[in-house]
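# Summary of structural features
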Amino acid sequence: GAGVSQSPSNKVTEKGKDVELRCDPISGHTALYWYRQSLGQGLEFLIYFQGNSAPDKSGLPSDRFSAERTGGSVSTLTIQRTQQEDSAVYLCASRPRLAGGWETQYFGPGTRLLVL
Amino acid sequence: SQQGEEDPQALSIQEGENATMNCSYKTSINNLQWYRQNSGRGLVHLILIRSNEREKHSGRLRVTLDTSKKSSSLLITASRAADTASYFCATARVLGGNTPLVFGKGTRLSVIA
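Predicted model, so just to flag it, every value in this text is computed and none were measured. (Residues numbered from 1 in each chain as written. Chains lettered and ligands numbered in written order. Predicted model: local features only at pLDDT ≥ 70, side-chain atom pairs only at ≥ 80, totals over all residues. Heavy atoms only, no water.)

## A look at the overall build of chain B
- Scanning chain B from terminus to terminus reveals zero helices and eleven strands.
- Helices (α) and strands (β) of chain B occur, in sequence order from the N terminus, as β-β-β-β-β-β-β-β-β-β-β.
- Residue burial in chain B is summarised as follows: out of 113 residues, 46% are buried.
- Within chain B, contacts between residues at least 6 apart in sequence are counted, and of these 56% link residues at least 24 apart. (Helix = DSSP H or I, 4+ residues; strand = E, 2+ residues; numbered from the N terminus. Buried < 20%, exposed > 50% of the residue type's maximum accessible area, 1.4 Å probe, protein only. Contact = heavy atoms within 4.5 Å.)

Spelled out as C-alpha cells, the structure:
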C-alpha cells in the first residue's frame, strides 16, 4: 500500500519568508510525528499528534514553528519568518494504533528545506 | 538532548565483512529500534528489540541489548555494497505510549565492493 508521502521534496526560500510542509500519513495511522534532521545529525523531535488528543509540541524550537493535523489525517508544518538555521530535512512519520506496545514508525521521504 | 549515541560515527569495510555498530542510551526504555537511512532521506525500520529481550535476528541482522549497560549493538553479517547507509538507534521510553522515539546521531556505514 501507499507509504507516508511528503511535499514538496525540496524547498528553497529566502530568509524571512513563511513555508508550509505537508505530510500525508499512511491511511488509518493514528499517530503522526514531525522530526528535523540537520546535516550529518540525528533526528530532532518537533511535534506529534495522536488521534483527537492535544498535540505534544514540546520539541518545537521556537514560536515560529507550528503544525496542524486536519481530520486526523494530513498534517502541515508551518515555519514563519524562516531563518538560515531552519535549513534541514523535515521528516514526517506515522504509526498505527498501538497493539502490545508496538511502536515502529513509518517515515516519509522528507522535505529538504534550504533557507538562503 | 540525544538519548542514543551511536559508535562509531563512521565505519568503512570491505564487502563480505561484518559490520558492528553500537548504541548507548541514558534512560530506562521499553524498546530499542534500529533504522536505516539512505542519502539523508526517509528512515526505514530494521528491527525492534524489547527491554526483556537480549538478542534478536532478522536475516543478516543481529541485534543485542544489554539493559544493565544501557547499550545495544547491531551486527550486519556478510555486508554488501547496498548496505551502505546511515544507521540510527532509537529508543522508546514509555510502554504503549505515544512519546516520540529518541534518535542518536547515527553511524555512517560504507561498504566497499
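## Regarding a nonpolar patch on the surface
- There is a patch of nonpolar side chains on the surface, built from V12, L114 and L116 of chain A and spanning about 290 Å² of accessible area.
- Turning to its location among the elements, L114 of chain A is positioned in strand β10 (residues 111-115). (Patch = residues over 30% accessible without salt bridge, like charges linked within 9 Å, V, L, I, M, F, W, Y side chains within 5 Å. Areas by Shrake-Rupley, 256 points an atom, 1.4 Å probe, with all protein chains shown as cover. Salt bridge = Lys/Arg side-chain N within 4 Å of Asp/Glu carboxyl O.)

## Some details on the nonpolar core
- M21, L32, W34, L74, I76, Y87 and L109 of chain B are the most contacted members of the largest nonpolar core, which has 21 residues in total.
- Residue assignment for this core shows that the elements contributing at least two residues are β2 (10-14), β3 (19-24), β4 (31-37), β5 (43-50), β7 (61-66), β8 (71-76), β9 (85-92) and β11 (107-112) of chain B.
- Leave out the neighbours within four places in its chain, and L32 of chain B touches C23, Y25, I47, L48, I49, L65, S72, C89, A90 and T91 of chain B.
- Counting residues in hydrophobic clusters, the runner-up holds 20 residues, among them L21, W34, L46 and I47 of chain A. (Core = buried A, V, L, I, M, F, W, Y, C linked by side-chain atoms within 4.5 Å.)

## A closer look at the sheet that holds β8 of chain B
All names here are of chain B.
- Pairing is antiparallel in the open sheet, where five strands are placed in the order β1-β3-β8-β7-β6. Sheet topology places β1 (5-7) and β6 (55-58) at the edges, where each strand pairs with a single neighbour. Taken pair by pair, the neighbouring strands of this sheet meet at an average axis angle of 20 degrees, ignoring direction.
- Taken together, the four bridges between β6 and β7 define a ladder with antiparallel strand orientation. Bridged to K56 within β7 is V63. (Pairing = 2+ DSSP bridges. Axes fitted to C-alpha atoms, helices over the stretch in contact; angles between N-to-C directions.)

## Some points on the environment of R62 of chain B
All names here are of chain B.
- With respect to the secondary-structure elements, R62 resides in strand β7.
- In this structure the C-alpha to C-alpha distance between R62 and I29, which are 33 residues apart in sequence, comes to 19 Å.
- Filtering out sequence-adjacent residues up to four positions away, R62 remains in contact with E55, K56, H57, S73, L74 and L75.
- At 3.1 Å, the side chain of R62 forms a polar contact with the side chain of E55. (Polar contact = N/O pair within 3.5 Å; in protein donor to acceptor, adjacent residues only side chain to side chain.)

## A few points about the sheet that holds strand β6 (residues 65-69) of chain A
Residues and elements named next belong to chain A.
- Spatial ordering of the open sheet is given by β1-β3-β7-β6, a layout of four strands whose pairing is antiparallel. Sheet topology places β1 (5-7) and β6 at the edges, where each strand pairs with a single neighbour. Recorded for the sheet is a direction-independent mean angle of 15 degrees between the axes of neighbouring strands.
- Taken together, the five bridges between strand β3 (residues 19-24) and strand β7 (residues 75-79) define a ladder with antiparallel strand orientation. Bridge pairing in β7 links V19 to I79.

## As for the state of the cysteines
Residues and elements named next belong to chain A.
- Going through the model one piece at a time under the given rule, you end up with two disulfides over all chains.
- Between the sulfur atoms of C23 and its disulfide partner C92 the distance amounts to 1.9 Å. Here the disulfide of C23 and C92 is left-handed, its torsion about the S-S bond being about -65 degrees. Taken together, the residues span a long stretch of sequence, with C23 in strand β3 and C92 in strand β8 (residues 88-95) at a distance of 69 residues.
- What makes C92 buried here is its relative accessible area of 0%. (Disulfide = S-S within 2.5 Å.)

Treat this as a map of the structure, not an account of what it does.
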